[in-house]
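Commentary on secondary and tertiary structure
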There are 2 protein chains.
Amino acid sequence: MKIAAPYLLFLGDDANRHSTKMAQGLKDWVPEKCVAQFALPGNSLDVGLPEMTPALAYARGARTLVVAATNIGGFLPQAWHGALLTALEAGLDLANGMHVQLRDIPAVNAAAQRHGRQLHDVRHCDIELPVANGKDRSGKRLLMVGTDCALGKKYTALALARALQAQGRRATFRATGQTGILIAGQGIAVDAVKADFIAGAAEYLTPANDPQHWDVVEGQGSLFHPAYSGVSLGLLHGSKPHALVLCHDPTRTHISGYEDYPLSSLTDCMDFHLRAARLVNPQARFVGISLNTSKLDAATAQQLLADTAKRQQLPCVDPIRFGAQTIAAALQ
Amino acid sequence: MKIAAPYLLFLGDDANRHSTKMAQGLKDWVPEKCVAQFALPGNSLDVGLPEMTPALAYARGARTLVVAATNIGGFLPQAWHGALLTALEAGLDLANGMHVQLRDIPAVNAAAQRHGRQLHDVRHCDIELPVANGKDRSGKRLLMVGTDCALGKKYTALALARALQAQGRRATFRATGQTGILIAGQGIAVDAVKADFIAGAAEYLTPANDPQHWDVVEGQGSLFHPAYSGVSLGLLHGSKPHALVLCHDPTRTHISGYEDYPLSSLTDCMDFHLRAARLVNPQARFVGISLNTSKLDAATAQQLLADTAKRQQLPCVDPIRFGAQTIAAALQ
């Protein structure tokens, strides 16, 4: 999948129903690929890029409009179709990370053909995936897992891959979700593959490699999430990790959007993950904890990281605020 | 999905690569729907039905050719396409439980349209599934789980649903795989839904019901299977079971086809399942064990069932050989 850069980030039309997680992730990790943002009237979402129409963004170099607002269920609201057509007319390709595919919207498909534009449905995997074979393979794999969704697994994986590389180690970020794919330029959205092939997709993403090479695998969902746990277990088993990092938001008390589901303790969470992981890799162990302290002041955050590190006897970082070096170093 | 009965069971062309599990399941549970079997030259597979060509089967009343041979990966070999076309020409609809869809084979799709025939891809779900909401709902749910694939979860669920009904209880078998769907006439093949929707599919299949009604849910895969564990965990969480039955083949030492994966003990297996199940339903408990003793003589089987019941302090049955009544009774 070759997606022409740079991007115009489309933020949709409705501040209440959509999240800017994807747009923010692109801006944070590949700012050089992000020319501008484009929101429909009445949408107050903002990721701090200049606001441009598709025509202006094209004139400033943009080559793909990325649907960078996300919603639960992964659909493309009817109200967005006009903007997609405008972008195609302005000369932009389209990239979309929703479950619903651009190619299945007749007007969009027809316009893309008429204008000679590409449609990239990055959540859709066109590869014929294998069923996982479960066999050992060379190379090391480090997987992010979490107490919930959307609390820093992708950021932690990106930070760890860069920290390993900065230490002169061989490491590759492996994207398992739509934003990661747009950042890395490749990957598989494992939450969108057929259920029988989750682990197979994870094996495909992390093939045999140099014995000292680390695949740093973006996590998805949580083993403790009532809707997405299957994705998380398939990813855990297929990636056969040697090392795990537990990602957590210390201000969260319940699974986000699921008030009947209090979060488990970090200790219980790690214990359950290890039990599942050691089925496929008896060497699996936790090498660190990543806390998303974005809602805490710096002093409180530093104290919490120190306390957690001491209690769990593991390096504990907020990779965005304070770097991920101590976990990367623990992988020696 | 309304599939015209009775069926002609297609057994494919290659005894080494395909399994008759599906054909045997249909013959065992809905013999009244199975007119005949049809195998290509050189195929020695046999489920004990009369062998008929599509034309003869149609003359004897068959209305649908069911692709009843299965393979790993769920594809429809090129060598079968001719037989599918012959069946359409003979007046039969087609039903297929593979991942690959009949409608995606151009020659088959065109022939079906030309002859006015229906194509049923039972593993493909045309419903727009919801993401699981995890909420409590009325009614009771009984889920089959296993130490591995293909060792009796579907048969146990069917036997338990019939045993409950025979005791005058309200119970419904809920099919989660292609054979179960063809037996029950409805269901969702949860291994073929997009990974984000596994638990949502299980919720959809087991909606709120009368408080005394039991949904008896066919299990899939195993939490201990390196390829399919994600399906199993999503199904476990989405079905929010009150009761579980562990299904096991006592002659099996390893995950079938995965020699590096020895089976866990029944105790470990139940413990891990309960830990996962109680996240969504604190009442979850094991109510019985189902052993597939088909490879043991009757005396050995009876002894093993008695020993296992005593050791695990649970009713232990082989539902096919000796009935499932003791487990059904334990659900009082």
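Use the structure listed above.
Here's a quick rundown of the structure. (Residues numbered from 1 in each chain as written. Chains lettered and ligands numbered in written order. Predicted model: local features only at pLDDT ≥ 70, side-chain atom pairs only at ≥ 80, totals over all residues. Heavy atoms only, no water.)

Within chain A, the regular secondary structure consists of twelve helices and 13 strands. In summary, chain A has a C-alpha radius of gyration of 20 Å against a globular reference of 20 Å for 332 residues, a match within 12%. By residue count, 60% of the 332 residues in chain A fall in the buried class. Considering only contacts within chain A whose residues lie at least 6 apart along the sequence, 75% involve residues at least 24 apart. (Helix = DSSP H or I, 4+ residues; strand = E, 2+ residues; numbered from the N terminus. Rg over C-alpha atoms; globule rule 2.2 N^0.38 Å. Buried < 20%, exposed > 50% of the residue type's maximum accessible area, 1.4 Å probe, protein only. Contact = heavy atoms within 4.5 Å.)

Let us now look at the relation of the copies chain A and chain B. Mapping chain A onto chain B calls for a rotation angle of 180° and an axial translation of 0.0 Å; the resulting RMSD is 0.0 Å. Expressed as a symmetry operation, the mapping of one chain copy onto the other fits a two-fold axis. Closest approach to the rotation axis among the C-alpha atoms of chain A is made by Gly 230 of chain A, whose C-alpha sits 2.0 Å away. When the interface residues of chain A are mapped onto chain B, 100% of them again lie at the interface, so the same face is used by both copies. (Least-squares fit on C-alpha atoms with pLDDT ≥ 70 in both.)

With the rule as written, the count across this model stands at 24 salt bridges over all chains. The partner of Asp 121 of chain A in a salt bridge is Arg 103 of chain A, and the shortest N-O contact between them spans 3.4 Å. One end of the pair, Asp 121 of chain A, is in strand S5 (residues 119–121); the other, Arg 103 of chain A, is in the loop between strand S4 (93–96) and helix H4 (106–115), with 18 residues separating them in the sequence. Assessed through its relative accessible area of 34%, Arg 103 of chain A is described here as partly exposed. Taking the shortest distance from any N to any O, the salt bridge between Asp 126 of chain B and Arg 103 of chain B comes out at 3.5 Å. Taken together, the residues Asp 126 of chain B in the loop between strand S5 (119–121) and strand S6 (140–146) and Arg 103 of chain B in the loop between strand S4 (93–96) and helix H4 (106–115) connect sequence positions 23 residues apart. (Salt bridge = Lys/Arg side-chain N within 4 Å of Asp/Glu carboxyl O.)

Looking now at the sheet that holds S4 of chain B. Note: strands within a sheet are paired through backbone hydrogen bonds, in either parallel or antiparallel orientation. Residues and elements named next belong to chain B. Sheet architecture is open: five strands sit in the order S2-S1-S3-S4-S5, paired in parallel fashion. Across the chains shown, the open sheet's two edge strands, defined by having one partner strand only, are strand S2 (34–39) and S5. When strand polarity is set aside, the average angle formed by the axes of neighbouring strands in this sheet is 20°. The sheet strands contacting helix H3 (residues 78–89) are strand S1 (7–12), S2, strand S3 (64–67), S4 and S5, and the helix crosses S3 at an angle near 160°. (Pairing = 2+ DSSP bridges. Axes fitted to C-alpha atoms, helices over the stretch in contact; angles between N-to-C directions.)

This brings us to the interface of chain A and chain B. The interface is formed by 39 residues belonging to chain A together with 39 residues belonging to chain B. Interface area, chain A with chain B, both sides summed: about 3500 Å², of which 55% is carbon and sulfur. Interface area lost by chain A to chain B is led by Asp 196, Phe 272 and Arg 275 of chain A, which between them contribute 18%. On the surface where chain A and chain B come into contact, there are four salt bridges. (Buried area = accessible area lost by both parts, 1.4 Å probe.)

Okay, the packing of aromatic side chains next. Overall, the coordinates contain eleven aromatic pairs over all chains when judged by the stated rule. With a centroid separation of 5.5 Å and an interplanar angle of 85°, the aromatic rings of Trp 29 of chain B and Tyr 155 of chain B are classed as edge-to-face. Highlighted residues: Trp 29 of chain B in helix H1 (residues 21–29) and Tyr 155 of chain B in helix H5 (residues 153–166), separated in sequence by 126 residues. Here Trp 29 of chain B and Tyr 155 of chain B have matching classes, each one buried. Site record: aromatic cluster; members linked through ring pairs are Phe 224 and Phe 272 of chain A together with Phe 224 and Phe 272 of chain B. Looking at Arg 63 of chain A, its charged tip hangs above the ring of Tyr 58 of chain A, at a distance of 4.1 Å from the centre. (Phe/Tyr/Trp six-rings, centres within 6.5 Å; stacked < 30°, edge-to-face > 60°. Lys NZ or Arg CZ within 6 Å of the ring centre and 35° of its normal.)

These figures capture arrangement, not role.
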